[in-house]
Amino acid sequence: NDYIGEEYKLTHPKDKRDWRTYEQQFSRRVSTAMKMLDPLIHDAVSTIHIEKSAGHPYSLPLEDRVKLLLIKQLVAKSNRMFSNMLALFSMLSKIEVSYKTVERLYSDPEVMLAVHNLHVLLLEKKGITESDITGDGTGYSLTVKKNYESYAQKLKDMAKVSSNGQQKKHRRKLFAYMFAIMDLNTRMYISYGSSMKSERDAFDRAMTMLSHMDVDIDTARLDRYYSNPVYVDMFGGKVYIIPKRNSTLNGSQKWKDTMREFVQNTMSYLEQYHQRSNSEAGFAADKKMLGWGVSQRRDDRVDSALFCIGLWHNLFNFNR
């Protein structure tokens, strides 16, 4: 596998990026996303009917709450700093809220329902009904002291040690995991899931969300971690994965066909598989724009923050 991978890299060098053109295109996408936001939020909220209930009413209408949450996630500031920023613009926006109000947006069920509606609206407006997908996971730091890539490697090393009989140590939660399933044609996320436990749990949540999307999957590309008949059988179309060293032909007929194609048509197979790099590029762009950390602490609010990151990704790539 390693030899085949090196041969593929030699025959498929990476294209050099024109950074000036890239920055111009990126600025245009951001500007377009901002112009789209108001009418999209209005459409997403207009489909929600809320029954009046006992208790203190919200100080802001639902549309404003959704805007606040998304803008807060975009500027990547703390709740207290963001509320102070709003005070500076209160003469224009007429919005004055405390940092606690901003934090509660992450656990507001009405807001998160509207954000989910925004996600569905974007996919519908883009006309994504069939898709060639790639899927990958990443981590967002819950502390400023840890980098995900170095930490992930450390976990792998620790797993090797524990397999040799040494006891695993309890680890404090340092990262929130996110798994995103991307449409290769539009570079938009069809579904995504997050978890405080593991990337596998985030994958399961992304697959649950995918099952509720009206999108047929033609082909899929997954990391070697998912090189298993169980994962291959989850998708209706072709699945491209790199087999592990100890892989066998035990499994479904689809798994056998996948392994056969890998052996018989290796280069064309790898051309399909290595489109998975778009997932890594997508995560890199997300973290460059929105930051590599999450400031929330409650699990449900961390999930909401990561969902907003996925939504901003789609907004920025809608007019790609």
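Criteria and cut-off values
Residues numbered from 1 in each chain as written. Predicted model: local features only at pLDDT ≥ 70, side-chain atom pairs only at ≥ 80, totals over all residues. Heavy atoms only, no water. Helix = DSSP H or I, 4+ residues; strand = E, 2+ residues; numbered from the N terminus. Buried < 20%, exposed > 50% of the residue type's maximum accessible area, 1.4 Å probe, protein only. Contact = heavy atoms within 4.5 Å. Areas by Shrake-Rupley, 256 points an atom, 1.4 Å probe, with all protein chains shown as cover. Expected span 1.5 Å × (residues − 1). Salt bridge = Lys/Arg side-chain N within 4 Å of Asp/Glu carboxyl O. Pairing = 2+ DSSP bridges. Axes fitted to C-alpha atoms, helices over the stretch in contact; angles between N-to-C directions. Parallel < 35°, antiparallel > 145°, perpendicular 65-115°, else oblique. Nonpolar A, V, L, I, M, F, W, Y, C, P; charged D, E, K, R; others polar. Phe/Tyr/Trp six-rings, centres within 6.5 Å; stacked < 30°, edge-to-face > 60°. Polar contact = N/O pair within 3.5 Å; in protein donor to acceptor, adjacent residues only side chain to side chain. Patch = residues over 30% accessible without salt bridge, like charges linked within 9 Å, V, L, I, M, F, W, Y side chains within 5 Å. Lys, Arg positive; Asp, Glu negative; His and termini not counted. Charge placed at Lys NZ, Arg CZ, Asp CG, Glu CD.

## A word on the overall build of the chain
Working step 1: Along the chain, the regular secondary structure elements total 14 helices and 5 strands.
Working step 2: Here the chain holds 320 residues, and the buried ones make up 46% of them.
Working step 3: Residue pairs in contact within the chain that sit at least 24 positions apart in sequence constitute 69% of those at least 6 positions apart.
Working step 4: Here the chain displays about 18200 Å² of accessible surface, and carbon together with sulfur accounts for 52% of that area.

## Quick look at helix α9 (residues 199-211)
Working step 1: Between its first and last C-alpha, α9 extends 18 Å over 13 residues, near the 18 Å set by a 1.5 Å rise per residue.
Working step 2: Residues of α9 that are buried: E199, D201, A202, F203, A206, M207, M209 and L210.

## Quick word on the pattern of salt bridges
As a working rule, side chains carrying opposite charge can pair if their charged atoms are close by.
Working step 1: This model, assessed by the stated rule, comprises 13 salt bridges.
Working step 2: R205 is the partner of D303 in a salt bridge, and the nearest nitrogen-oxygen pair spans 3.4 Å. On the criterion of sequence distance, the pair formed by D303 in helix α14 (residues 299-317) and R205 in helix α9 is long-range, its members being 98 residues apart.
Working step 3: Under the relative-accessibility criterion, D303 is labelled partly exposed at 24%.
Working step 4: One salt bridge connects K238 with E261, and the closest N-O pair in it is separated by 3.5 Å. Of this pair, K238 sits in strand β5 (residues 238-240) while E261 sits in helix α11 (residues 253-264), placing them 23 residues apart in sequence.
Working step 5: Judged by relative accessible area, which is 44%, K238 ranks as partly exposed.

## Focus on the environment of V115
Working step 1: Examined against the element boundaries, V115 turns out to sit in helix α7 (residues 109-126).
Working step 2: Take V115: its relative accessible area is 0%, and that puts it in the buried class.
Working step 3: It is 7.5 Å that separates the C-alpha atoms of V115 and A44, two residues lying 71 residues apart in sequence.
Working step 4: Not counting residues within four places of it along the chain, the set of residues in contact with V115 comprises V66, L69, F307 and L311.

## Overview of the sheet that holds strand β1 (residues 130-141)
Whenever strands of a sheet pair, they do so through backbone hydrogen bonds, lying parallel or antiparallel.
Working step 1: Strand order in the open sheet formed by 5 strands is β3-β2-β1-β4-β5, with mixed pairing between adjacent strands. Each end of this open sheet is capped by a strand with a single partner; those strands are β3 (189-195) and β5. Adjacent strand axes in the sheet meet at a mean angle of 25°, parallel and antiparallel pairs treated alike.
Working step 2: When strand β4 (residues 216-221) meets β5, the two strands line up parallel, connected through 3 bridges. Looking across to β5, one finds that R221 is bridged to Y240.
Working step 3: Docked against the sheet, α14 engages β1, β2 (175-183) and β3, running at close to 160° with respect to β3.

## Here we look at the packing of helix α3 (residues 62-75) against α14
Working step 1: At a minimum axis distance of 10 Å, the contact between α3 and α14 shows a crossing angle of 85°. Judged by the inter-axis angle, α3 sits roughly perpendicular to α14. Across the interface between the two elements, L69, L70, I71, Q73 and L74 from α3 touch A305, C308, I309, L311, W312 and F316 from α14.
Working step 2: For the contact of α3 with α14, the residue count by class is 10 nonpolar, 1 polar and no charged.

## Quick look at the packing of aromatic side chains
Working step 1: Under the defined criterion, the tally for this structure stands at 12 aromatic pairs.
Working step 2: A centroid spacing of 4.8 Å and a plane angle of 85° characterise the contact between Y225 and Y226, whose relative ring orientation is edge-to-face.
Working step 3: On the basis of relative accessibility, which here comes to 43%, the residue Y225 falls in the partly exposed class.
Working step 4: Summarising the aromatic geometry, the rings of Y226 and Y231 are spaced 5.0 Å apart at their centres and angled 85° between planes, so their arrangement reads as edge-to-face.
Working step 5: Given a relative accessible area of 0%, Y226 falls into the buried group.

## Examining α7
An α-helical segment advances 3.6 residues per turn. Residues three or four places apart therefore align on the same side.
Working step 1: Taking 1.5 Å of rise per residue, the 18 residues of α7 would be expected to cover 26 Å, and the 26 Å separating its terminal C-alpha atoms lies within 8% of that figure.
Working step 2: Buried within α7 we find E110, V111, M112, A114, V115, N117, L118, H119, L121, L122 and L123.
Working step 3: The opening residue of α7, the one whose side-chain oxygen lies 3.0 Å from the backbone nitrogen of E110, is D108.
Working step 4: Taken from the residues just after α7, G127 is the one with a positive phi, measuring 75°.

## Digging into unusual backbone geometry
Working step 1: Its identity is not glycine, yet R187 carries a phi of approximately 65°, on the positive side.
Working step 2: With respect to the helices, strands and loops of the structure, R187 is situated in the loop between β2 and β3.

## Brief notes about a negative patch on the surface
Working step 1: The grouping of E124, E130, D132, D214, D216 and D218 at the surface amounts to a negative patch.
Working step 2: Of all the secondary structure elements, the ones that give two or more residues to the negative patch are β1 and β4.

## Concerning the packing of α11 against helix α12 (residues 266-273)
Working step 1: One can describe the packing of α11 onto α12 by two numbers: an axis separation of 5 Å at closest approach and a directional angle of 115°. By the criterion of interaxial angle, the relationship of α11 to α12 is roughly perpendicular. Residues T258, E261, F262, V263 and Q264 of α11 lie in contact with α12, whose contacting residues are T266, Y269 and L270.
Working step 2: Classifying every residue of the contact of α11 with α12 gives 4 nonpolar, 3 polar and 1 charged.

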